[in-house]
Amino acid sequence: MATNPMHQFEVYRIGPEIKLGEVDLSFTNASLFMVISLITILLIFNLGSKKNSLIPNKIQLLAELSYGFVSKMISDTAGSKAKPYFSFIFSLFMFVLFLNMFGMVPYSFTVTSHIIVTFVLATFIFVGVTIIGFIKHGAGYLKLFVPSGVPIVLLPLIVLIEIISYLSRPISLSVRLFANMMAGHTMMKVFGGFVISLGIVGGWLPLSFSVALTGLEILVAFLQAYVFAILTCIYLNDALNLHH
Amino acid sequence: MKEDQFKNRLEIAKKKQLKKKLYKDDQPISSVGIAFKMSTELVAHVVVGTIIGFILDKTFDSKPWLILIFFFLGVISGIANVFRSAKSMQK
């Protein structure tokens, strides 16, 4: 059972079973890791912003650098109009980043390797951005589906294509994060299994592969959180500054 | 006159610096991001097109036709999207 590479993605209950009607609300290992990353984020940013000294210590530096990173990302991609949404994008980025990074700790659980988690996040973004677009532009937001300079004959086709491309946003956003995390962790487990089965003679090659993969996975964990946040910014930019 | 020239040159130099900085900061990380973005979007468009076709087929009871049409619409939209991203990358 332990050599099954999919075993690491199993969700199991911790503590008592809680049922609300038909819905199972029990505390699982997925919820545990969400709580752990939430507490870590809160701790880092509370400690980091507490002392506020001119020469920052390490935690303050970490908090300030991540603030600057996300703030620059938003102003680069979505412009100054997106400033009010900073807190949302910042918490989203930090949450995904910490979930991914905690998944890299051995024997831990990667919450973002479940498509339902990433799909819910992406759906929230999709619905939120659509609502923001309609609030800011009213019915004019529908112009997003009608690019300018298209001949009338082709218009129905183009509108259909644009609608498909708009609806595919939450799917591509969620599948990207989920697939990258799951594929990487499965691959690491498979190579780990090779080390055991090939023994001390032939196990060195997969072992070195595993080490390299771990580095790659840490890069992917950061990159996917970054891509997730930057695409949120791009979608927000479409909703705030409507131009075609 | 001289001051004007100097101001002009300063402006040009500043612009150059800005360009260089943007290039350096953005290039390595976001190009990997774009690679991830394009590959999944191509698939997602096809999937969404097919799902729409499937749902419409069920409601209008026109079994194979709408799913076929919307599948190809999804393919077109996916490819068009890749072209669009590639164009905006070249800017």
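For the structure, see preceding data.
Counting starts from 1 at the beginning of each chain's written sequence and moves along it residue by residue. Written order determines the labels here, with chains lettered from A and ligands numbered from 1. Confidence filtering applies because this is a predicted model: local features only for residues at pLDDT of at least 70, side-chain atom pairs given and counted only at 80 or more, and all residues used for totals across whole chains, interfaces and linings. Hydrogens and water are ignored here; the side-chain numbers use all heavy atoms of the structure.

Caption draft 1: Expanded view of the nonpolar core. Take the buried Ala, Val, Leu, Ile, Met, Phe, Trp, Tyr and Cys residues and link them wherever side-chain atoms come within 4.5 Å; each set so joined is a nonpolar core. Under the scheme applied here, a residue whose accessible area is under 20% of the maximum for its type counts as buried, over 50% as exposed, and between as partly exposed, the area being computed with a 1.4 Å probe on protein chains only. In terms of nonpolar packing, the biggest core is built from 44 residues, with Val70(A), Met73(A), Ile89(A), Phe93(A) and Phe228(A) touching the most fellow members. Breaking this core down by element, the ones donating at least two residues are helix H1 (29–50), helix H2 (58–77), helix H3 (86–103), helix H4 (115–137), helix H5 (155–202) and helix H6 (204–240) of chain A. At 13 residues, the largest contribution of residues to this core is made by H6(A). By definition in these notes, contact holds between two residues if any of their heavy atoms fall within 4.5 Å. Once you skip the residues sitting within four places of it in the chain, Phe93(A) turns out to touch Phe69(A), Val70(A), Phe222(A), Ala225(A), Tyr226(A) and Ala229(A). If you look at the next biggest cluster of nonpolar residues, it comprises nine residues, including Ile161(A), Val48(B), Ile52(B) and Leu73(B). A run of H or I in DSSP becomes a helix once it reaches four residues, and a run of E becomes a strand once it reaches two; helices and strands are each numbered from the N terminus.

Caption draft 2: Layout of the side chain of Glu217(A). Residue and element names in this part refer to chain A. Residue placement: Glu217 occurs in helix H6. Charge assignment in this entry is limited to Lys and Arg as positive and Asp and Glu as negative, and neither His nor the chain termini are counted. Whenever a carboxyl oxygen of Asp or Glu lies within 4 Å of a side-chain nitrogen of Lys or Arg, that contact is scored as a salt bridge. The side chain of Glu217 is buried and forms no salt bridge, while Lys189, the nearest opposite charge, is found at 14 Å. In contact with Glu217, not counting residues within four places along its chain, are Met104, Asn180, Gly184, His185 and Met188.

Caption draft 3: Looking closely at the interface of chain A and chain B. Taken together, the 21 residues of chain A in the interface contact 20 residues of chain B. Throughout, buried area stands for the accessible area (probe radius 1.4 Å) lost by two parts on being put together, summed over both. Carbon and sulfur atoms make up 78% of the surface buried where chain A meets chain B, a total of about 1800 Å² over both sides. At the surface where chain A touches chain B, the tally comes to one salt bridge. Close ionic contact of Arg84(B) with Glu162(A) constitutes a salt bridge, the shortest N to O distance being 3.0 Å. Take the side of chain A that touches chain B: its biggest share by element is 12 residues, from H5(A). Each residue is assigned to one class: nonpolar for Ala, Val, Leu, Ile, Met, Phe, Trp, Tyr, Cys and Pro, charged for Asp, Glu, Lys and Arg, and polar for all the others, Gly among them. The class makeup of the residues in the side of chain A that touches chain B is 12 nonpolar, five polar and four charged.

Caption draft 4: Layout of empty space enclosed by the protein. Residue and element names in this part refer to chain A. Site definitions follow a grid-based scheme: protein atoms alone, a 1 Å grid, a 1.4 Å probe that fits but cannot get out for cavities, and for pockets an open set with protein on both sides within 12 Å along at least five of seven lines, plus lining residues having an atom within 4 Å of a point. Grid points are joined across faces, edges and corners, and a volume is the space filled by probe spheres set on the points. Throughout the structure, instances matching the rule amount to one cavity of 30 Å³ or more. Of the volumes computed, that of the largest cavity is approximately 50 Å³. As for the largest cavity, its lining consists of Ala122, Ile125, Phe126, Val129, Thr130, Tyr166, Arg169, Pro170, Leu173 and Tyr235. For the lining of the largest cavity, the element with the most residues is H4, which contributes five residues. Split into classes, the residues belonging to the lining of the largest cavity amount to eight nonpolar, one polar and one charged.

Caption draft 5: Representation of the layout of surface pockets within the structure. Residue and element names in this part refer to chain A. In this structure, the second largest pocket encloses a volume near 740 Å³. Taken together, 24 residues line the second largest pocket, and the ones lying closest to its centre are Gln8, Pro106, Tyr107, Ser108 and Lys189. Where the lining of the second largest pocket is concerned, the elements lending two or more residues are H1, H5 and H6. Top contributing element to the lining of the second largest pocket by residue count: H5, with six residues. Among the residues making up the lining of the second largest pocket, the classes are represented as 10 nonpolar, 12 polar and two charged.

Caption draft 6: Representation of the packing of H2(A) against H3(A) in the model. All names here are of chain A. Note on geometry: axes are lines fitted to C-alpha atoms, helical ones only across the stretch in contact, with angles between N-to-C directions running from 0 to 180 degrees. Where H2 contacts H3, the axes come no closer than 10 Å and their chain directions differ by 120°. Judged on the interaxial angle alone, H3 and H2 are oblique. Pair H2 / H3 crosses with right-handed handedness. Contacts between H2 and H3 pair Ser66, Tyr67, Phe69, Val70, Ser71, Met73 and Ile74 from the former with Phe86, Ile89, Phe90, Phe93 and Met94 from the latter. Per-class residue counts for the contact of H2 with H3 are 10 nonpolar, two polar and no charged. To sort the angles, those under 35 degrees are grouped as roughly parallel, those over 145 as roughly antiparallel, those from 65 to 115 as roughly perpendicular, and the leftovers as oblique. Crossing handedness is read from the near helix: turned anticlockwise from the far helix by less than a right angle, it gives a left-handed crossing, and turned clockwise, a right-handed one.

Caption draft 7: Spotlight on the packing of aromatic side chains. Note on aromatic pairs: the rings of Phe, Tyr and Trp (six-membered ring only in Trp) are paired at centre separations within 6.5 Å, and the planes decide the class, stacked below 30 degrees, edge-to-face beyond 60, tilted for the rest. Applying the stated criterion across every chain yields a total of 17 aromatic pairs over all chains. Aromatic side chains Tyr67(A) and Phe90(A) sit 6.4 Å apart centroid to centroid with 55° between the ring planes, which places their arrangement in the tilted category. Of this pair, Tyr67(A) sits in helix H2 while Phe90(A) sits in helix H3; the two residues are 23 residues apart in sequence, bridging distant segments of the chain. Residues Phe71(B) and Phe72(B) carry aromatic rings whose centres are separated by 5.2 Å and whose planes lie at 75° to one another, so their mutual orientation is edge-to-face. Of the residues examined, Phe71(B) reaches a relative accessible area of 32% and is grouped as partly exposed. Taken together, the ring pairs in this structure connect Phe126(A), Phe134(A), Tyr141(A), Phe145(A) and Tyr166(A) into an aromatic cluster.

Caption draft 8: Inspection of the environment of Arg84(B) at higher detail. Turning to its location among the elements, Arg84(B) is positioned in helix H2 (residues 63–90). For Arg84(B) and Gln5(B), which are 79 residues apart along the polypeptide, the C-alpha to C-alpha distance reads 40 Å.

Caption draft 9: Just the pattern of salt bridges, in detail. All names here are of chain A. Inspection of the entire model under this criterion finds three salt bridges over all chains. The partner of Lys72 in a salt bridge is Asp76, and the shortest N-O contact between them spans 3.1 Å. Of this pair, Lys72 and Asp76 both sit in helix H2, four residues apart, which is roughly one turn of the helix.

Caption draft 10: Region of the structure containing H4(A). Residue and element names in this part refer to chain A. To estimate the expected span of a helix, subtract one from its residue number and multiply by 1.5 Å. Relative to the 33 Å expected for 23 residues at 1.5 Å per residue, H4 spans 32 Å between its end C-alpha atoms, a close match to the ideal helical length. Of the positions making up H4, those classed as buried are Val117, Thr118, Leu121, Ala122, Ile125, Phe126, Val129, Thr130, Ile132 and Gly133. Those residues of H4 that are buried lie in contact with H1, H3, H5 and H6. Of the residues trailing H4, Gly138 is marked for its positive phi of about 65°.

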